[in-house]
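Architecture and fold: a report
Residue strings, one per chain:
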Amino acid sequence: MPHPPALVASISGLREHLAARRTLGPVGFVPTMGALHEGHATLIRGARKGNATVVVSIFVNPLQFDRQEDLARYPRTLEADAALCETLGVDVVFAPTAAEMYPEPLMMGVTVGRLGDHLCGPSRPGHFAGVATVVLKLLQIVQPDRAYFGEKDAQQLAIIRRLVTDFNLPVTIVGMPTIREADGLAMSSRNRRLSPEGRRAALALVRALTATTRAIVEGVADAVAARAAGQREVREDDAVRLEYLEIVDPATLQPVDQVRGPVLVAGALWADGVRLIDNMPASPGPH
Ligand code: PAF
């Protein structure tokens, strides 16, 4: 029978708790903003496999919201999250308040360079700086051996990998594959805000990514032409708007003009007033 995880809200309490557990073996860490779903469960199962202790943080980080309305509407489901953590064998849930994480306004912060210039960066000013800053704080607080992030947030993952390199953080970052619903929609805490109609309309994003990926595999090297194949899949109306559909280098996240090797096809779509993102890797097929 799994034990309920220790629910810890203070940084000092977490440090005390972990000090006693570090001798047992590696610490695996899954940072989240709560509203946990199967995608998070996959990260947690990954962490459970290779580590003696698994810590999940649940913190809706105000620093990474560019729209106050989004912050206010972000689902907060601590009780259900803790229950899921229990079934997954999590040892510690770290759920600090904003006052615990930011007792006073920060004077310092992480600046994200050109990894933040494209994809979600232009439409979400300050978002990735906020993510990188809170992840740096969380990694300092938890001091895990490994930290787990989803590949669905490819830009976030690339930025965190670079954060760890640039600041010599002693942690291994593990990227975990995107988990999809049966119809292909990438799992996200935001999906629960979609109406049934919006949920159906949101599938246009998967179709757009799939069509672009297919064009690349079939030998379309010109990025404009490959993207056009995807754009055709989205019939914009009041319910749906494609914010971007880009083909980028997977490491630098810079757009490519000609696809000559592995790339990342990434998109953002508004459905029902909810912003959804997704991505797929692609490589030119043998021709
Ligand atoms: O991916 C998320 O849920 C958040 O951006 C993260 C990494 C927990 C930082 O707040």
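Here, the structure is the one placed above.
Attention here is on the structure that accompanies the text. Everything numeric in this text was worked out from a predicted model, so none of it was measured.

Cut-off values and rules
- Residues numbered from 1 in each chain as written.
- Predicted model: local features only at pLDDT ≥ 70, side-chain atom pairs only at ≥ 80, totals over all residues.
- Heavy atoms only, no water.
- Helix = DSSP H or I, 4+ residues; strand = E, 2+ residues; numbered from the N terminus.
- Rg over C-alpha atoms; globule rule 2.2 N^0.38 Å.
- Contact = heavy atoms within 4.5 Å.
- Areas by Shrake-Rupley, 256 points an atom, 1.4 Å probe, with all protein chains shown as cover.
- Lys, Arg positive; Asp, Glu negative; His and termini not counted.
- Charge placed at Lys NZ, Arg CZ, Asp CG, Glu CD.
- Pairing = 2+ DSSP bridges.
- Axes fitted to C-alpha atoms, helices over the stretch in contact; angles between N-to-C directions.
- Core = buried A, V, L, I, M, F, W, Y, C linked by side-chain atoms within 4.5 Å.
- Buried < 20%, exposed > 50% of the residue type's maximum accessible area, 1.4 Å probe, protein only.
- Arc of directions from axis to C-beta.
- Parallel < 35°, antiparallel > 145°, perpendicular 65-115°, else oblique.
- Nonpolar A, V, L, I, M, F, W, Y, C, P; charged D, E, K, R; others polar.
- Phe/Tyr/Trp six-rings, centres within 6.5 Å; stacked < 30°, edge-to-face > 60°.

**Quick look at the overall build of the protein chain**
- Helix and strand counts for the protein chain stand at ten helices and nine strands.
- Its C-alpha radius of gyration of 19 Å places the protein chain within 12% of the 19 Å reference for a compact globule of 287 residues.
- Projected onto its principal axes, the C-alpha coordinates of the protein chain cover approximately 55 × 40 × 40 Å.
- Sequence-distant contacts in the protein chain: of pairs separated by 6 or more residues, those separated by 24 or more amount to 74%.
- When the accessible surface of the protein chain is totalled, it reaches about 13600 Å², and 55% of it is carbon and sulfur.
- Between the centroid of the 30 positive side chains of the protein chain and the centroid of its 31 negative side chains there is a distance of 2 Å.

**A closer look at the sheet that holds strand S9 (residues 274-282)**
- Strand order in the open sheet made by the three strands is S7-S8-S9, with antiparallel pairing throughout. Whereas interior strands pair on both sides, the edge strands pair on one side only; in this sheet they are strand S7 (240-248) and S9. Here the strands of the sheet are splayed against their neighbours by 15° on average, with no regard to which way each runs.
- Two strands pair when backbone bridges link them, and strand S8 (residues 263-271) and S9 are joined in this way by nine bridges, in the antiparallel orientation. Paired with Val 265 across the bridge in S9 is Met 280.

**Points about the sheet that holds strand S5 (residues 146-150)**
- In spatial order, the strands read S1-S4-S3-S2-S5-S6; together these six strands make up an open sheet with parallel pairing. Each of the sheet's edge strands pairs with one partner strand only, and the pair in question is strand S1 (6-8) and strand S6 (172-176). Ignoring strand direction, the axes of neighbouring strands in this sheet form an average angle of 25°.
- Two strands pair when backbone bridges link them, and strand S2 (residues 27-32) and S5 are joined in this way by two bridges, in the parallel orientation. Across the sheet, the residue bridging to Phe 29 is Ala 147, located in S5.
- Helix H6 (residues 127-142) contacts S2, strand S3 (53-58), strand S4 (92-94) and S5 of the sheet and is inclined by roughly 150° relative to S2.
- Sitting on the sheet, helix H7 (residues 154-166) touches S5 and S6, and the angle it makes with S6 is about 170°.

**Re the nonpolar core**
- By size, the foremost hydrophobic cluster in this structure holds 44 residues, and its most contacted members are Leu 14, Val 55, Phe 94, Met 101, Val 135, Leu 139 and Ile 173.
- Secondary-structure elements contributing two or more residues to this core are helix H1 (11-21), S2, S4, H6, S5, H7, S7 and S8.
- With ten residues, the single largest contributor to this core is H6.
- Leaving out residues up to four positions away in the same chain, Phe 94 has contacts with Val 8, Ala 9, Ser 10, Ile 11, Leu 14, Val 55, Val 56, Ser 57, Ile 58, Met 101, Leu 138 and Ile 141.
- Ranked by size, the runner-up nonpolar core spans 30 residues in total, among them Leu 194, Ala 204, Ile 216 and Ile 247.

**Here's the deal with the environment of Gly 126**
- Take Gly 126: it is sitting in the loop between helix H5 (98-101) and H6.
- Separated by 47 residues in the primary sequence, Gly 126 and Ile 173 place their C-alpha atoms 23 Å from one another.

**Details of helix H4 (residues 78-87)**
- Looking only at H4, the buried set comprises Asp 81, Ala 82 and Cys 85. Buried residues in H4, looked at end-on, bunch into an arc of 100°, giving them a common side. For H4, the exposed residues lying more than 90 degrees away from the buried face are Glu 79 and Thr 87.
- Directly after H4, the chain includes Gly 89, whose backbone phi takes a positive value near 75°.

**Points about the packing of H1 against H6**
- At a minimum axis distance of 9 Å, the contact between H1 and H6 shows a crossing angle of 45°. The orientation of H1 with respect to H6, classified from their angle, is oblique. Mapping the contact onto sequence places Ile 11, Leu 14, Arg 15 and Leu 18 in H1 and Gln 140, Ile 141 and Val 142 in H6.
- Counted by class, the contact of H1 with H6 contains five nonpolar, one polar and one charged residues.

**Quick look at the packing of aromatic side chains**
- All told, the structure shown has two aromatic pairs when counted by the stated rule.
- Residues Phe 59 and Tyr 102 carry aromatic rings whose centres are separated by 6.1 Å and whose planes lie at 50° to one another, so their mutual orientation is tilted. Of the two residues, Phe 59 sits in the loop between S3 and helix H3 (68-73) while Tyr 102 sits in the loop between H5 and H6, which places them 43 residues apart along the sequence.
- Its relative accessible area of 6% is what places Phe 59 among the buried residues.
- Between Phe 65 and Tyr 74 the ring centres are 5.6 Å apart and the planes differ by 75°, which places this aromatic pair in the edge-to-face class.
- Residue classification places Phe 65 among the buried positions, given a relative accessible area of 8%.

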